[in-house]
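Summary of the model geometry
Letter by letter, the chains look like this.
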Amino acid sequence: MTDQSRRRFLLRSAALGCSAAASPWVTPLALASAPWDNRLVVILLRGGMDGIDAIRPVGDPDYARLRGAVAPEVGDPTGFYALHPALSPLRSMWDDGELAAAHAVSTPYRDKRSHFDGQDLLEAGVGFVPGAERQGDGWLNRLLQAVPGVQAETAFAVGRTSMLLLSGDAPFSTWSPESRLAITPQAKLLLQRLYGADPLFGQAATAAISLSDALEYAAPTADLVEDDADAATLTGMMEHRRGAAGGHLRIASFVAGRLRNETRIAAFSLNGWDTHNAQHRGLDRALDRLSETLIALKLGLGPVWGRTAVLAMTEFGRTVALNGTAGTDHGTGGAMVLAGGAVRGGRVHGDWPGLAEADRYDRRDLMPTADVRTYAAQAMQELFGLSRAVLSETVFPGLDFEKVGPLLR
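Below, the structure is looked at part by part. (Residues numbered from 1 in each chain as written. Predicted model: local features only at pLDDT ≥ 70, side-chain atom pairs only at ≥ 80, totals over all residues. Heavy atoms only, no water.)

Before going further, it helps to examine the packing of helix 12 (residues 372-384) against helix 13 (residues 388-395). Between helix 12 and helix 13, the shortest axis-to-axis distance is 10 Å and the interhelical angle comes to 135°. Classified by the angle their axes make, helix 12 and helix 13 are oblique. Helix-helix and strand crossings are classified by hand; for helix 12 and helix 13 the assignment is right-handed. Only Arg388, Leu391 and Val395 of helix 13 make contact with helix 12, whose side of the interface consists of Ala377, Met380 and Gln381. (Axes fitted to C-alpha atoms, helices over the stretch in contact; angles between N-to-C directions. Helix = DSSP H or I, 4+ residues; strand = E, 2+ residues; numbered from the N terminus. Parallel < 35°, antiparallel > 145°, perpendicular 65-115°, else oblique. Left-handed = near helix turned anticlockwise from the far one by under 90°. Contact = heavy atoms within 4.5 Å.)

What follows is the structure, encoded as structure tokens:
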């Protein structure tokens, strides 16, 4: 390491160590440790997932007319819903009660149908006030602020885009699959000797070393999977998804490795849900990645999967009717996916509003019948034992926390 490169590294390390929330290098994946044993994973499906296609209401009399007749792949016991064929790899999760969904849900965001506003409101977890400034913190960070003794594993932030969901005053750690911050043993020793006791740079040096040590979890690996068949499944997926196409698997591998250790909360994004054109192709690819991500999380988490809940949420749904290019446009009501060994699965939650034009929001969108934040709050109450007051006043300010029924085992 040259003097110039060492200087650049140390300056970068110092910046990363000061404040994960304020750093301009903010990752699409964030993790936090907490004083409980259950695990929570939040996946943001950026772009607006079409819940009507992902969780198909085949029992609605208007569905076949609007979307075409389909053969159910995985369905709930009532026969009203069927999962999209790209979710068929999750059949065993559904049958084992580890996969569920909630339909006709949305944030309080309405009418403008902007990805930027919709995602901000989803991550901030607050009601929409036109013209208001962007919320300064996210609901997962406010959750951590409400729990005494929370500590981040390290204080680092890298990557390309910010994640409001975990931004705020509570400490948390961040990582990006594009990171290449491995430090040689000699560089670690140099950092410790030069800056270990330094009041300004000591914490940053420690954080940089911790980040380097954490990178052993960053590469796709099946080493943690004990069952040979499961390890072969995970290895096969990773070999199939090489390069940039396997970013979701690298994230899932890293998350699983951290959650098997001290981390208790993880959040990351999956893109590709904006299906204005040829939805059958775009949504197939996005749901394939979601299926692989959930499978990789289950296999990687192993013995702690039974104490894990995964919430996959999107900023809004899409129009009921297809547009002229066989796609769907930005809508309102949508669906969320719940997975994990802690989930009470094999069912679709929520009150179905109907697809008839008179039943739609603005005569074009699926009418929301529940606030998506309510399901997140219910899951956190069951996972972490938080009070309804904390959830409705601090985590989700102003939420009318109606009970949606048990979501977890």
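Here we come to the packing of aromatic side chains. Evaluated as defined, the whole model comprises five aromatic pairs. When the centroid spacing of 3.9 Å and the interplanar angle of 20° are considered together, the rings of Trp36 and Phe384 count as stacked. In this pair, Trp36 is assigned in the loop between strand 1 (29-33) and strand 2 (39-45) and Phe384 in helix 12, connecting sequence segments 348 residues apart. The same class applies to Trp36 as to Phe384, namely buried. Judged by centre distance (6.1 Å) and plane angle (65°), the rings of Phe80 and Trp352 are edge-to-face. Separated by 272 residues along the polypeptide, Phe80 in the loop between strand 4 (74-75) and strand 5 (82-83) and Trp352 in the loop between strand 11 (347-349) and strand 12 (370-371) bring together distant segments of the chain. Grouping aromatic residues by their ring pairs yields a cluster made of Phe80, Tyr81 and Trp352. (Phe/Tyr/Trp six-rings, centres within 6.5 Å; stacked < 30°, edge-to-face > 60°. Buried < 20%, exposed > 50% of the residue type's maximum accessible area, 1.4 Å probe, protein only.)

With that settled, the discussion passes to the packing of helix 10 (residues 247-259) against helix 11 (residues 279-301). At a minimum axis distance of 9 Å, the contact between helix 10 and helix 11 shows a crossing angle of 25°. The angle between helix 10 and helix 11 places the two elements in the roughly parallel class. Our pair here, helix 10 against helix 11, has a crossing hand that is right-handed. Along the contact surface, helix 10 presents His248, Leu249, Ala252, Val255, Ala256 and Leu259, while helix 11 presents Arg289, Glu292, Thr293, Ala296, Leu297, Gly300 and Leu301. Tallied by class, residues from the contact of helix 10 with helix 11 come to eight nonpolar, three polar and two charged. (Nonpolar A, V, L, I, M, F, W, Y, C, P; charged D, E, K, R; others polar.)

One pass over the full model with this rule turns up 15 salt bridges. Measuring nitrogen to oxygen at the nearest pair gives 3.0 Å for the salt bridge that ties Glu123 to Arg46. Taken together, the positions of Glu123 in helix 5 (residues 115-124) and Arg46 in the loop between strand 2 and helix 2 (51-54) put the pair 77 residues apart, joining distant regions of the chain. Since its relative accessible area comes to 15%, Arg46 is described here as buried. The salt bridge involving Arg318 is made with Asp274; its shortest N-O contact spans 3.0 Å. (Salt bridge = Lys/Arg side-chain N within 4 Å of Asp/Glu carboxyl O.)

Below, the discussion takes up the sheet that holds strand 5. One open sheet accounts for three strands, arranged 3-5-4; its pairing is antiparallel. Strands with a single pairing partner mark the edges of an open sheet, and in this sheet they are strand 3 (55-56) and strand 4. (Pairing = 2+ DSSP bridges.)

On their own, these measurements won't tell you what the molecule is for.
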